[in-house]
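# Inside the fold
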Amino acid sequence: MHAPKAGIVSVVVESRTAEAPVAVAMTRSGDEWHGTLRAAPGDRYWLIADGSKPLLDPSASDVELTDGGPVSVVRATPWPNEPPLGRHHRCPVVYELHVRGFARTFAGAIERLSYLADLGVNVVEVMPIHPFDTSANYWGYMPIVWGAVHRQFAEGGDAPAEFAAMVRAAHANDIEVWVDVVFNHTGEGDRSMPTWCLRGLDDAGAYRHRPDGRYVDDSGCGNDTDPSSPFIRRLVMEALDRYADLGVDGFRFDLASLLTRDGGQLVREIGDWAERRGVVLVAEPWDLGAYQVGAAFPDDRWLQWNDRFRDDMRGFLRSEPGLVPAVMQAVSGSPGLFGATSRSVNFLDAHDGLTMHDLTTVTDDRHRSWDCGVELRPQQLANAFCLLLLSAGTAMFVMGDEFARTQGGHDNPYDIDGPVTWVDWTRLEQWRGLGDIVRRLISLRARADFSMVRCHGVDGPPDTTADSRSLAWSAGDVYVMANMWFDDLAFHVHEPGPWVEVLSTAPRSSSLALGMVTVAPRSVVVLVRDRRA
């Protein structure tokens, strides 16, 4: 046990068969403490450092939330071992989900996987499954320890095994599983919050501090871990190995830029590890103190969440002026940010912020959202999915977006465990038309060749003036015409055909004739090249 400043460390075991807990003194060896104890499967145990309150084992593989706080538990069986899918999809479509909000439990999620496979989703990105304090947190971004699995997502007593079963079922549906991991801070928060683990063992080394002793808090969650600490690095790699052993195919790193405060050594070490394990890495490359989207992130093997795609496409959808040059970048995979090989994870919404539906019900400049009205709403949602799914890069949307899940305009329900954050599956039938469009778009996405995106205007090169609100682009056998203007626009088709119209988001759009298509206001038309002709 790593506790460099402690004078006395002991481990206490609470056995189900003993009358009282048994304490075992540990022996110091440098900054580490060692001890041998006898414990049975299911026994609880905790650490005491210099008379502290009970502390979690930071390497615990099982944690139980009790009325007195979280305690480490001895696993009854070996850690499960599940193989990965073994390959990564050429054209990923990522579905971000929260286990409880999506289906309550891992077992419940298994029952929904065939639906996702039929939709065309080939990656599920699972929000954090680390153990976390549920008293004031729902999303899970306040981890207690990193290398265990949240018991409350399991129906039985073995959460890792139930998660591994979910991974196995996803793989049987040809769906990769990525997991959202939170290593940049812990749920201990600032000093006003309970000390559960790292603060009681190595506060000076585990967390970054200001000269006055206060925590650096660029995470906005009360503390930042120190990526230069060998102790922190060991725990991070231990947790990643455990999750990869459960068959996880990729990892999305919350506020990944905070892990680069050591100059990038840790993220490069993780990159080397990922190459050996064959997993995908995704960075959220920003925090309150740094913005690293693009080349600023120190390892180009990572994919990156692309907030510029999000903001520019939202603006284009609500017909903001002057955005055509930015949209040209976005549909091409953002080469200005990422170079020739797109590492962009494109999204219009995520767990934090408005849902895709609510972007069309709330007018707010901060969110770049617009209440477009009831009649236009289905069309605008279809437009949004066209822009997302027919652009180069990895595409991501959130559970239920395909049938207009709403949070009633709530943009930060991190602490709400209830109908606001749960998927209302009755909307699946109510919004079946939108779901059918999403299914068709994912199928069209598979036909596109995003290595050869070419942009066009209505009747020539793209109009990049401030007043322009339209753009066409081709990606191999797919041709997209997006009109966010307020009137019909007659688009010339600038690529050799023959072409067939396969989708229009507006009920009114003329048929393809003489190499032209009249695209209705605020709508998108999609053509495919007819290879049979």
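Below or above, wherever it landed, is the structure these notes cover. (Residues numbered from 1 in each chain as written. Predicted model: local features only at pLDDT ≥ 70, side-chain atom pairs only at ≥ 80, totals over all residues. Heavy atoms only, no water.)

## Quick notes on unusual backbone geometry
Residue P498 is bonded to the preceding G497 through a cis peptide linkage, with omega at 5°. You can see P498 is positioned in the loop between β19 (489-492) and β20 (499-504). Even without being glycine, L255 reaches a positive phi, approximately 45°. Position of L255 among the secondary structure elements: in the loop between β11 (250-253) and α6 (265-277). (Helix = DSSP H or I, 4+ residues; strand = E, 2+ residues; numbered from the N terminus.)

## Description of the environment of G200
Tracing the sequence through the fold places G200 in helix α4 (residues 198-206). Judged by its relative accessible area of 26%, G200 is partly exposed. The spacing of G200 and G497 is 297 residues in sequence and 68 Å in space, taken between C-alpha atoms. (Buried < 20%, exposed > 50% of the residue type's maximum accessible area, 1.4 Å probe, protein only.)

## Here's the deal with the sheet that holds strand β1 (residues 9-14)
Across the sheet, 5 strands lie side by side as β2-β1-β5-β7-β6; this open sheet has antiparallel pairing. Both edges of this open sheet fall to β2 (22-25) and β6 (63-66), since each of them pairs with a single strand only. Ignoring which end each strand starts from, the neighbouring axes of this sheet average 35° apart. As paired elements, β6 and strand β7 (residues 69-73) share 4 bridges and run antiparallel to each other. Residue V63 lies in a different strand from β7, and its bridge partner there is S72. (Pairing = 2+ DSSP bridges. Axes fitted to C-alpha atoms, helices over the stretch in contact; angles between N-to-C directions.)

## Concerning the state of the cysteines
As used in these notes, a disulfide is a covalent bond between sulfur atoms, one from each of two cysteines. Within this structure, the stated rule accounts for 0 disulfides. For the unlinked cysteine C91, the closest cysteine sulfur is that of C386, found at 15 Å. Between C221, a cysteine without a disulfide, and C197, which holds the nearest cysteine sulfur, the sulfur-to-sulfur distance is 17 Å. (Disulfide = S-S within 2.5 Å.)

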